[in-house]
Amino acid sequence: AGTLLKPVSCVAMCTGSSTATLDLSAATGTVTLWAGYAAAHPAVGGPVRITETFTLVAPPFSPLSSPPIHLSRDWDCARFASGVQKCESKDSPSFFGCTAPSAECASLPTHLQQTRPPAPPEPPAPPALPPTLPPLSPLPHSPPPLDPRAPPISRPSPNPHSAWMSGKHGIGYRIAGGVHYGITWYDPVDFANNVKDLPVSWVIVGLSSGAFGDRYLAPHPLLTNLSRGSTPKCMWLSKCGVGYERTTFESGDVPLESFPDRDVFDELLTAMEAVGIKVIAYMAAQGPAMLKAGETSAYDYNNRSPYVDSCALCPELTGVVGCACAPSVHLWRKWVRDNYGDDEEPTLHRAYAEVIVGEYAKRYGPRIAGFWFDQGGDADGSLIAASIRQHNPNAAIAYNSGLNNPLRNNNPGIEDYTFGHVTPVQRGKNPPDGCYNYGMVVSAESTNGGWVYNEVSPFIDYSRASDPSTRPNTFTYTVGGEASLAHVFMPVNTAWNSGEIVWNVAQAREWQARVMRAGGAWTWNVARTGCAGCVDTYNQALVDTDDLAFLKQVYDGLPGGPDEVQPPYFYNDTNCDCCSAGASPSIRQWGCQLSTSCERT
């Protein structure tokens, strides 16, 4: 079901063995049901038979108030737009209300006449209508106007988990987890008020402490007890009634056990629900074992944290004298050994999926609209997806593992939208607006409605190509198996969460608009305001001021915006910017084609 054609009130179109169900409970006026053939259907490229069987279910209204129902097989009288379909109806003089072939039929190109399917056989008589429905009424010459209160008919989606993201966009940013100055005075309500007027449908916000899996924005029944400092504490005096104010807080160890745990992520969900923006949880799949970064990157390595005494704990945990270990990593591994039998990587993957992801998926349920997992190569995506589906069956899942350019479903059965991670920015060495990332735009435009599949041709990683212009102008997806929504996750700045804006506004508008018009989805990752020891004038919940101004300029050029961009497009794989503010000549590398774009703003 999906196409609304005037002047009929409602149209249901099915292919193959699929079924369309029309809810007539709110219908007014005359309801017309009709069937026939559609030749050269654009979705499949060939003739389509539309089933001529109707089952009417009496809606729950009285006979006196119910609308008249009319059954018709007449494409032409329903004013279907294509001349091919008009010829189909004209070829059958038995069709109600139709006479001789029109002039349009005689003028059809030969190839269309040859591909025209035979006229459909006469359908069996419709089943007797329930006695509660009134007799059939004649087809009116001018059907009544559509009821504006009637809900729109939605097209069936290849993946209902992520269909809500199609043609839409959001923003993402990271918040430090655990006991950290950035989270101690973090107020999600300020963030919600900061972005509520932006035309975004979601925010991707870390449930883990960014790419680090050893700390989180919420308590965990196991980790909170295993690792001192892994869970936020409510010690903001004006918010919690106990603790400190920013101006009186001194860095160093504080009596954490004197303060209650704080569920910042729950506060964030509540704040975003109030402004109608969905939340997608970013999680570091390497987990508390820090499988990708290693324990040297853990928050408590070598006495790095004022809340963990590594020098006292490491000899007991490792048998080696000294401070050079991360107690949080070793305590997690010990718990896994004691409860799962060993701490080999497959076992750590299972424990992460069941104990960490499973706990948060159960706690927040459908309040989390989706997940975006980083470090997919250091986890088991099947186990993660199973844990989520058990408690949140409709969540949209992205999994950072596999080919990103062209976009494809790298993880059938696991992912619902592509992770869309751009070519690594390497702290500015590869500006995100470089030509190596243009292939993701072309990927979305090569799809049918924004959906990508596992099989794509050519199967080459064009993000690594020495010459991005060798990428073809289109990709071919083999439709089959699970579909994933084409989604691009793009940083605004020279680095993912900091740095200077690298984008030319005109190029940003073009690329995002093209992905959205194709049915794909787009997320800008932005920086936050604030820094270590910042005074009250800096609120770490807010989007960086320059980033926010950039977003507003870009959004004005998107579909429906006051400055909506239109083709022909300027920025492609032979003309990428890489020369906006912050992208100095020293970082212009192989992905930047510097023509006249440097003068455009």
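In this text, all values refer to a predicted model and were calculated from it rather than measured experimentally. (Residues numbered from 1 in each chain as written. Predicted model: local features only at pLDDT ≥ 70, side-chain atom pairs only at ≥ 80, totals over all residues. Heavy atoms only, no water.)

A.B. asks: Looking at this model, I keep getting lost on the packing of helix α13 (residues 438-445) against helix α14 (residues 505-517). Mind explaining?
C.D. replies: Geometrically, a packed helix pair is captured by the angle between its two axes and the distance between the axes. Where α13 contacts α14, the axes come no closer than 8 Å and their chain directions differ by 25°. Relative to α14, the element α13 is oriented roughly parallel. As for the relative orientation of α13 and α14, their crossing is left-handed in sense. Residue-level contacts link Tyr438, Val441, Ala444 and Glu445 of α13 to Trp511, Arg514 and Val515 of α14. Among the residues making up the contact of α13 with α14, the classes are represented as five nonpolar, no polar and two charged. (Axes fitted to C-alpha atoms, helices over the stretch in contact; angles between N-to-C directions. Helix = DSSP H or I, 4+ residues; strand = E, 2+ residues; numbered from the N terminus. Parallel < 35°, antiparallel > 145°, perpendicular 65-115°, else oblique. Left-handed = near helix turned anticlockwise from the far one by under 90°. Contact = heavy atoms within 4.5 Å. Nonpolar A, V, L, I, M, F, W, Y, C, P; charged D, E, K, R; others polar.)

A.B. asks: What's the story with the nonpolar core in this structure? I'm lost.
C.D. replies: Inside soluble globular proteins, nonpolar side chains tend to come together where they are buried. Formed by 115 residues in total, the largest nonpolar core has its most connected members in Phe191, Phe265, Met283, Trp332, Phe373, Trp524 and Phe550. With nine residues, helix α11 (residues 345-364) is the single largest residue contributor to this core. (Core = buried A, V, L, I, M, F, W, Y, C linked by side-chain atoms within 4.5 Å. Buried < 20%, exposed > 50% of the residue type's maximum accessible area, 1.4 Å probe, protein only.)

A.B. asks: Quick question: what am I supposed to make of the side chain of Thr418 here?
C.D. replies: When you line up the elements, Thr418 lands in the loop between β11 (396-399) and α13. Judged by relative accessible area, Thr418 falls into the buried class, the value being 2%. A distance of 2.7 Å separates a polar side-chain atom of Thr418 from the backbone nitrogen of His487. The contact partners of Thr418, leaving out residues within four places of it in the chain, are Ala398, Leu407, Arg408, Val452, Ser484, Leu485, Ala486 and His487. (Polar contact = N/O pair within 3.5 Å; in protein donor to acceptor, adjacent residues only side chain to side chain.)

A.B. asks: Would you explain the pairing of strand β16 (residues 487-491) in this entry?
C.D. replies: It is a general feature of regular strands that their side chains alternate between the two faces of the sheet. Of all five residues that make up β16, five are buried, and the element is covered over most of its length. Of the two faces of β16, the one lined by His487, Phe489 and Pro491 and the one lined by Val488 and Met490 are each fully buried. Summarising the sheet, β16 and strand β17 (residues 521-525) pair through five bridges and their orientation is parallel. Bridged to His487 within β17 is Ala521. Handedness of the crossover is the feature at issue here: the chain leaves β16, passes through α14, returns alongside β17, and the resulting connection is right-handed. (Pairing = 2+ DSSP bridges. Right-handed = clockwise from strand over helix to strand, strands pointing away.)

A.B. asks: Just to check I follow, could you spell out helix α10 (residues 327-340) for this structure?
C.D. replies: Working note: α-helix, 3.6 residues per turn, so residues spaced by three or four point in the same direction. Over its 14 residues, α10 extends 19 Å from the first C-alpha to the last, a length consistent with the 20 Å expected when each residue adds 1.5 Å. Here α10 has its buried residues at Pro327, Ser328, Val329, His330, Trp332 and Val336. On its buried face, α10 is in contact with β8 (212-216), α6 (223-226), α9 (310-318) and α11. (Expected span 1.5 Å × (residues − 1).)

A.B. asks: Is there a simple way to explain α13 in this structure?
C.D. replies: Among the eight residues in α13, seven count as buried, and that is most of the element. Burial in α13 covers these residues: Tyr438, Gly439, Met440, Val441, Val442, Ser443 and Ala444. Tucked inside the fold, the buried residues of α13 contact β14 (476-477), β16 and α14.

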